Amino acid sequence: MVERLTETVVPVGRRSILALKEWTPSEIRGILTTAAWMKANPKVAHVRYALAGKSVGMIFELPSTRTRVSFQVAIQSLGASPVILDWGESQLGRGEPIADTARVMSRYVDGIVIRCRSHQTVQEFARWASVPIFNALTDQAHPFQALADALTLWERQKRLSGLKFAYLGDGSNNMALSYLTIGAKLGMQVTIATAKGYWPAAEVIDWAREEALVTGGSITITDDPEQAVFGVDAVATDVFVSMGEPGDPAVKQRDLMPYQVNGKLMALSKPEAVFLHCLPAHRGEEVTDEVIEGPHSAVWDQAENRLYVQKAALLQTLGD
Ligand code: CP
Ligand code: NVA
């Protein structure tokens, strides 16, 4: 049986999406419901013109392929215009304060998509902007990727509540933290397997456990990769070294190699288990070619679903 994502889609109004921690389970389920509906009904006319006449700024401090293209297409497919700004080519790159940029941009556009190194930067934007801010990745959160991954899991496994989900790799990066958050919000049984020294911060684990108590989920942190994947419905990983990260990448790669998702490890999960990777992937490091190209892999669906969750979020927060 397919789990109903939500009974009703709650109106959210003009609102930023910085991290899913700030969203309730029913609001998150509302975005997923809308996204699934939009995916199934791509040609509905009122959706094609839902944001007609609006503009959405897009600012990138870090490289991107999927986020940049999928947001641009999502904005255009709702009838709005994307206004793309490269950080280094704008006055931000020459040190203009975020507070000034946010206030000026808010006079021109109806919402701003931002990818930047530090989560504090996106929070600062949201503090000063008078239009919704959409976090397109920071060091602490990648909310639209987490939403796309949840939609992919729901499509493939027909449920989210109680789903056994294991993430292997860097336990303190944006994807690990986003999986902890969305897993806790949606009642999933989340296990993070990583080496000592790469665990999520204690306060994040405590927050996720409290949230999971309410939703019926669970949060486990372990250094044992085999125990983590045994009998699970989904296995996810991400690059061992994230964009713009300080420190010696060789040390981190060595420390995290035992958490590589390979065929032997994947075979310990359920036969119908799904493999997720937000991409870009480093084959031979966090995942082997046989897994990412193999029958468990849902990575292309994941990438596609970015489009629908972003369309849904833009519609719900910027639509009239
Ligand atoms: N997954 C993801 O955010 O990819 P990009 O860095 O290409 O945007
Ligand atoms: N953790 C990765 C995710 C890329 C989409 C990074 O921040 O580089």
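Residues numbered from 1 in each chain as written. Chains lettered and ligands numbered in written order. Predicted model: local features only at pLDDT ≥ 70, side-chain atom pairs only at ≥ 80, totals over all residues. Heavy atoms only, no water.

### Quick notes on the site of ligand 2
Next up, step 1: Around ligand 2 lies a shell formed by Leu137, His142, Asn173, Asn174, Asp238, Val239, Ser242, Met243, Cys278 and Leu279.
Next up, step 2: A distance of 2.5 Å separates a nitrogen atom of ligand 2 from a polar side-chain atom of Asp238.
Next up, step 3: In the complex, 94% of the free accessible area of ligand 2, which totals 270 Å², lies under the protein chains.
Next up, step 4: When the residues that make up the shell around ligand 2 are grouped by side-chain class, the tally is five nonpolar, four polar and one charged. (Near = heavy atom within 4 Å. Polar contact = N/O pair within 3.5 Å; in protein donor to acceptor, adjacent residues only side chain to side chain. Areas by Shrake-Rupley, 256 points an atom, 1.4 Å probe, with all protein chains shown as cover. Nonpolar A, V, L, I, M, F, W, Y, C, P; charged D, E, K, R; others polar.)

### Section: the packing of aromatic side chains
Next up, step 1: Under the defined criterion, the tally for this structure stands at four aromatic pairs.
Next up, step 2: Relative to Tyr179, the ring of Phe165 has its centre 4.8 Å away and its plane inclined at 55°; by these criteria the two rings are tilted. Of the two residues, Phe165 sits in strand β5 (residues 164-168) while Tyr179 sits in helix α7 (residues 174-185), which places them 14 residues apart along the sequence.
Next up, step 3: You can call Phe165 buried: its relative accessible area is 1%.
Next up, step 4: Summarising the aromatic geometry, the rings of Tyr167 and Tyr179 are spaced 5.7 Å apart at their centres and angled 50° between planes, so their arrangement reads as tilted. On the criterion of sequence distance, the pair formed by Tyr167 in strand β5 and Tyr179 in helix α7 is long-range, its members being twelve residues apart.
Next up, step 5: In this structure an aromatic cluster arises from ring pairing among Phe71, Phe134 and Phe144.
Next up, step 6: The residue whose ring lies beneath Arg15 is Trp23, and the NZ or CZ to ring-centre distance is 4.0 Å. (Phe/Tyr/Trp six-rings, centres within 6.5 Å; stacked < 30°, edge-to-face > 60°. Helix = DSSP H or I, 4+ residues; strand = E, 2+ residues; numbered from the N terminus. Buried < 20%, exposed > 50% of the residue type's maximum accessible area, 1.4 Å probe, protein only. Lys NZ or Arg CZ within 6 Å of the ring centre and 35° of its normal.)

### With respect to the site of ligand 1
Next up, step 1: Taken together, the neighbourhood of ligand 1 is formed by Ser64, Thr65, Arg66, Thr67, Arg115, His142, Gln145, Cys278, Leu279 and Arg306.
Next up, step 2: Interatomic distance of 2.8 Å between a side-chain N/O atom of Arg115 and an oxygen atom of ligand 1.
Next up, step 3: At 2.8 Å, a side-chain N or O of His142 approaches an oxygen atom of ligand 1.
Next up, step 4: Protein contact buries 96% of the 260 Å² of open area that ligand 1 shows by itself.
Next up, step 5: Here the residues of the shell around ligand 1 are counted per class, giving two nonpolar, five polar and three charged.

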